Amino acid sequence: MSELKYPFLELGTVNAPYKEALKAAAARVIDSGRYVGGAENEAFECELAAHTGTRYAVGVSNGLDALRLIFKAYIGLGRLREGDAVIVPANTYIASVLAVTDAGLRPVFAEPCSATLNLDTSRLEEVYTPDVKAVLTVHLYGRACYDTVLDDFARRHELIVVEDNAQAIGAEACGFGRTGSLGHAAAFSFYPTKNVGAVGDAGAVTTSDKELADTVRALANYGSDRRYHNIYQGYNCRLDPIQASFLRIKLAYIDAETAHRRSIAAVYNSEIRNSAITLQQTDTPDTSVWHQYVVRTANRDSFCRMLADNGVGYDIHYAVPPHRQPCYARYAHLSLPVTDMLAAEVVSLPVSQCTSTDDAREIAMIINRFQQ
Ligand SMILES: *Cc1c(COP(=O)(O)O)cnc(C)c1O
């Protein structure tokens, strides 16, 4: 997409300001002689916990593993049992659902709200049954998905609340605090395209529950709580210290990067004026960190063609919801009309460091000329 006037996302451009610092960090790790765990991991975990507002952070291999380890840890601790049901938004990246099914738990798909594009918390009670023991809230597109309705619902039914915070580091749920600290445990992804992107795969779990943090850490390290002592049949899902050293650099600048994303989103919010285009609703400027800037249009094919003809990069998150993927054919019979409608209508516009506010103004003008 690099020939486009307004590229959707170019990772080389995103990392260009950090290039020298990243190289120095890699050299530091290489020179240290410590290539698994160690000081970089410990420092990054402290910095991430402080940024999130939790007592603990555990660096892990990627975002999917962070989610898997959380659910397996709850099972290991006897707080969830295989076969328990977990409410998940039906319009999410498939990793959210893979973590649930991989742990032997049963996903209960809940519909999103067509205005916020996040879980419709007013409809949670519709999908509740006594088998439901947890809810996985996904802060989709960087928008914090946590409100009094969800909070009351989880308390009333004594549910474990897990956050999929892969897309929303630094977002604030009005009155509840930062994503990653809202529920009982949260999963982060530092996949290169995420707001804090590693130079490869990386992830983390945050929680203020010491037992859970210790269990996640043990599970990620062969299930061992100390050397050659295995309390669980675990995995190798540790955070690579080279990635930890990179993430420490990127995390230090996340608030400035988020401010940039918000300035782009503010231009789109105020300047896109087209009855064929619906914008995502947010509560306050702090609600979203705009991992994606997503609009809806009933005539997506012609809208995307128009964008491409005008040099505007775009992407679609996500065209096929998890329950319509071949691997989940067993859920294909479910009726989730809002999810299907969103999958058919969403388009993501450029909102990264590759886009300036002037670019955003020009893109808004291009969009305003679109006729269905
Ligand atoms: C990226 C992402 C994940 C998975 O993270 P990886 O690091 O790619 O494994 C999970 N959930 C959501 C919502 C994501 O966007």
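One can find the structure itself at the top, above this paragraph.
Here's a quick rundown of the structure. All of these numbers come straight from a predicted model, not from anything done at the bench.

About the criteria used
- Residues numbered from 1 in each chain as written.
- Predicted model: local features only at pLDDT ≥ 70, side-chain atom pairs only at ≥ 80, totals over all residues.
- Heavy atoms only, no water.
- Pairing = 2+ DSSP bridges.
- Helix = DSSP H or I, 4+ residues; strand = E, 2+ residues; numbered from the N terminus.
- Axes fitted to C-alpha atoms, helices over the stretch in contact; angles between N-to-C directions.
- Contact = heavy atoms within 4.5 Å.
- Buried < 20%, exposed > 50% of the residue type's maximum accessible area, 1.4 Å probe, protein only.
- Polar contact = N/O pair within 3.5 Å; in protein donor to acceptor, adjacent residues only side chain to side chain.

Next up on the list: the sheet that holds strand β8 (residues 185–189). Strand order in the open sheet made by the 7 strands is β1-β9-β8-β5-β4-β2-β3, with mixed pairing throughout. One side of each edge strand has no neighbouring strand; the edge strands of this open sheet are β1 (56–60) and β3 (106–110). The sheet shows a mean angle of 20° between the axes of neighbouring strands, direction not considered. Helix-sheet contacts for helix α8 (residues 210–220) involve β1, β8 and β9 (203–207), and the interaxial angle to β1 is about 15°.

Further remarks concern the environment of Ser-181. Considering the arrangement of structural elements, one finds Ser-181 in the loop between β7 (177–178) and β8. Residue Ser-181 is classed as partly exposed on the basis of its relative accessible area, which comes to 26%. Linking Ser-181 and Glu-163, residues 18 residues apart in sequence, is a C-alpha distance of 8.5 Å. In this structure, Ser-181 is in contact with Thr-52, Gly-53, Thr-54 and Glu-163, ignoring residues within four places of it in sequence. From its side chain, Ser-181 meets the backbone oxygen of Arg-178 in a polar contact 2.7 Å long.

Note that the residue after His-317, namely Tyr-318, is joined by a cis bond; omega there is 5°. Even without a glycine there, the phi angle at Leu-117 is positive, about 65°. Here Leu-117 is to be found in the loop between β3 and α6 (124–127). A positive phi angle, near 50°, is found at Glu-158, a position not held by glycine. Looking at the secondary structure, you find Glu-158 in the loop between α7 (148–156) and β5 (160–164).

From the geometry alone we can't say anything about function, so treat these as descriptive.
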